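Listed below are the residues making up each chain.
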Amino acid sequence: MGGAAGSAGTAGAAGSAGAAGAGGTAGSAGAAGSGGSAGAAGAAGSGGVGGSTGAVFPCSEQGIRDAIAEGGGPHTFDCGTPELVVTREQIIIDNDVILDGEDNLTVDGNQHHRVFWVTEGVTATLRRFAVTRGSASIGGGVFNQGGTLTVADSTLIGNLAEFAGAAIHNSNGDLTLTNTSLRANRGDPGSSGGGIYNSGTLKMSGCTISGNSASEGGGIDNDGTLTITNSTISGNTIGDGTGGAIANTGTVMLIACTLSDNQAAGISGVTGSLTVANSIIDGDCAGPIDSRGYNIESPSNTCGLDQTSDLADVTSGALGLEPLGENGGPTQTHALAAGSVAIDAIPQATCDVDADQRGQPRPEPAGTMCDVGAFELQP
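Conventions used here
- Residues numbered from 1 in each chain as written.
- Predicted model: local features only at pLDDT ≥ 70, side-chain atom pairs only at ≥ 80, totals over all residues.
- Heavy atoms only, no water.
- Helix = DSSP H or I, 4+ residues; strand = E, 2+ residues; numbered from the N terminus.
- Buried < 20%, exposed > 50% of the residue type's maximum accessible area, 1.4 Å probe, protein only.
- Contact = heavy atoms within 4.5 Å.
- Areas by Shrake-Rupley, 256 points an atom, 1.4 Å probe, with all protein chains shown as cover.
- Disulfide = S-S within 2.5 Å.
- Salt bridge = Lys/Arg side-chain N within 4 Å of Asp/Glu carboxyl O.
- Pairing = 2+ DSSP bridges.
- Arc of directions from axis to C-beta.
- Phe/Tyr/Trp six-rings, centres within 6.5 Å; stacked < 30°, edge-to-face > 60°.
- Lys NZ or Arg CZ within 6 Å of the ring centre and 35° of its normal.
- Core = buried A, V, L, I, M, F, W, Y, C linked by side-chain atoms within 4.5 Å.
- Polar contact = N/O pair within 3.5 Å; in protein donor to acceptor, adjacent residues only side chain to side chain.

## Focus on the overall build of the chain
- Per the secondary structure count, the chain includes six helices and 35 strands.
- The buried share of the chain, taken over its 379 residues, is 54%.
- By sequence separation, contacts in the chain at least 24 residues apart represent 60% of the contacts at least 6 residues apart.
- Counting every atom, the chain has about 14300 Å² of accessible surface; 50% of that belongs to carbon and sulfur.

## A look at the state of the cysteines
- All chains considered together, the criterion is met by three disulfides.
- In this model cysteine 59 forms its disulfide with cysteine 79; the gap between the sulfur atoms is 2.2 Å. Because the torsion about its S-S bond is 85°, the bridge between cysteine 59 and cysteine 79 counts as right-handed. Pair noted here: cysteine 59 is in the loop between β1 (56-57) and α5 (61-70) and cysteine 79 is in the loop between β2 (72-77) and β3 (83-86), with a separation of 20 residues, a long-range link.

## Description of the pattern of salt bridges
- In the structure shown here, the tally under the stated rule is nine salt bridges.
- Residues arginine 65 and glutamate 61 are paired through a salt bridge, measuring 2.7 Å at the closest nitrogen-oxygen approach. With arginine 65 and glutamate 61 both in helix α5 and four residues apart, this pair spans about one turn of that helix.
- Here glutamate 61 falls in the buried class, since its relative accessible area comes to 5%.
- For aspartate 352, the salt bridge goes to arginine 292, with nearest N and O atoms at 3.0 Å. Note that aspartate 352 is positioned in the loop between β34 (346-347) and β35 (369-370) and arginine 292 in the loop between β30 (290-291) and β31 (296-298), a separation of 60 residues in sequence.
- A single salt-bridge network, built from bridges that share partners, covers Glu61, Arg65 and Arg88.

## Some words on the pairing of strand β22 (residues 225-229)
- Summarising the sheet, strand β18 (residues 201-205) and β22 pair through five bridges and their orientation is parallel. Residue pairing across strands places threonine 201 opposite threonine 225, the latter belonging to β22.
- Where β22 and strand β26 (residues 251-255) come together, five bridges link them in parallel fashion. Paired with threonine 229 across the strands is isoleucine 255, a residue of β26.

## Quick notes on α5
- Of all the positions in α5, only Glu61, Gly63, Ile64, Ala67 and Ile68 are classed as buried. Along the axis of α5, the buried positions cluster into a sector of 165°, meaning they face one direction only.
- Residues of α5 that are buried make contact with β1, β2, β3, β4 (91-93), β5 (97-108) and β6 (116-118).

## Here's the deal with the packing of aromatic side chains
- As enumerated under the stated definition, the model contains three aromatic pairs in all.
- Ring centres of phenylalanine 77 and phenylalanine 129 lie 6.3 Å apart, and the angle between their planes is 70°; on these two criteria the pair is classed as edge-to-face. Here the residue phenylalanine 77 occupies a position in strand β2, and phenylalanine 129 occupies one in strand β7 (residues 123-132), the gap between them amounting to 52 residues.
- Aromatic ring contacts, followed pair by pair, group Phe77, Phe116 and Phe129 into a single cluster.
- Its guanidinium or amino end placed over the ring of tryptophan 117, arginine 114 lies 5.5 Å from that ring's centre, counting from NZ or CZ.

## What about the nonpolar core?
- Formed by 53 residues in total, the largest nonpolar core has its most connected members in Phe116, Leu177, Met204 and Leu254.
- Those residues within four positions of methionine 204 in sequence are excluded, and the remaining contacts are Leu177, Ile196, Ile209, Ile220, Leu226, Thr227, Ile228, Thr229 and Ser231.
- In this structure, Ile296, Val314, Leu336 and Ile343 belong to the second largest nonpolar core, which totals 13 residues.

## Here we look at the side chain of asparagine 198
- Looking at the element boundaries, asparagine 198 is found in strand β17 (residues 196-198).
- The class of asparagine 198 is buried, set by a relative accessible area of 0%.
- Of the polar contacts made by the side chain of asparagine 198, one reaches the backbone nitrogen of glycine 200; its length is 3.1 Å.
- Within the structure, the side chain of asparagine 198 is placed 3.5 Å from the backbone oxygen of threonine 225, a separation counted as a polar contact.
- In this structure, asparagine 198 is in contact with Asn170, Asp221, Asn222, Asp223, Gly224, Thr225 and Leu226, ignoring residues within four places of it in sequence.

These figures come from the coordinates and say nothing about function on their own.
Have a look at this one:
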């Protein structure tokens, strides 16, 4: 380990070897490139992904590719104002990296190719991007092929897929979506997962999945493990299949979510496991549901909600869901009209989450009860 060993200079430079390695008096090791083992320690000690700090790259397709090649991050781009970057071919993320579009960067697949492909074993973050007009057999916007991917504060809109996952296809990977909107993505006839197809592990929070379409699973087709918290799934449609909101053959957990205006059976899946708590299902179900209580089904009674705190056969008027819209926060929500049966229906100790989809407090500051669904009415 010491600087006295004195060889590999590039390793020292990559990770501030003098500080991180045990070189003792060989403090100049990083610059001079002493101690190969010291350099390795430096690279590991700098943390993050790849050991480099964030840099600013050109606001272009090549700039994005160069940032990926650099690794590490978070890397930003010198867009200045909102910019549309139309890509020549898909961008492969094959290096651990954090990319930040700063709400100024829209990456466009030109309806010719996929936008981003995350390869197996890679850990990557995309934040504050818009991804649009990607087109591929699977994963028109983003294909996560066994990687660990986080998409935050982003929008995926108008992407296409021939078979599965028009916006995102998560193939045996770990995918986290936060404060992200997937809307108006479309699968071809016979496809599944207009918004997302998941065969891995998917966690969603603060997201809105709206206006997507596929033959099955208009919003989401889940064959893996899916947990959705404080999110809205609205206005998704299907062709000749099932599951306007979610088609499920895997495992799903819904907590404090609102499902509304989805075509046909909003949730379907007789072979999967579906658990629901503190959520609104404005539509029908097909297949068994395990209720943890404080759920509302409107206007029918098809979900088999069996807890004393559940409500079924609730009329649309009594439910009082406002149209999907901008109600504060990063993603659209269905507000609750005054007098809705969803308001103040959950004891504070059973709220599960301490903020709603918009980040507003649960319960509202003057209250001791929480509202059902993704929206908490504030005073």
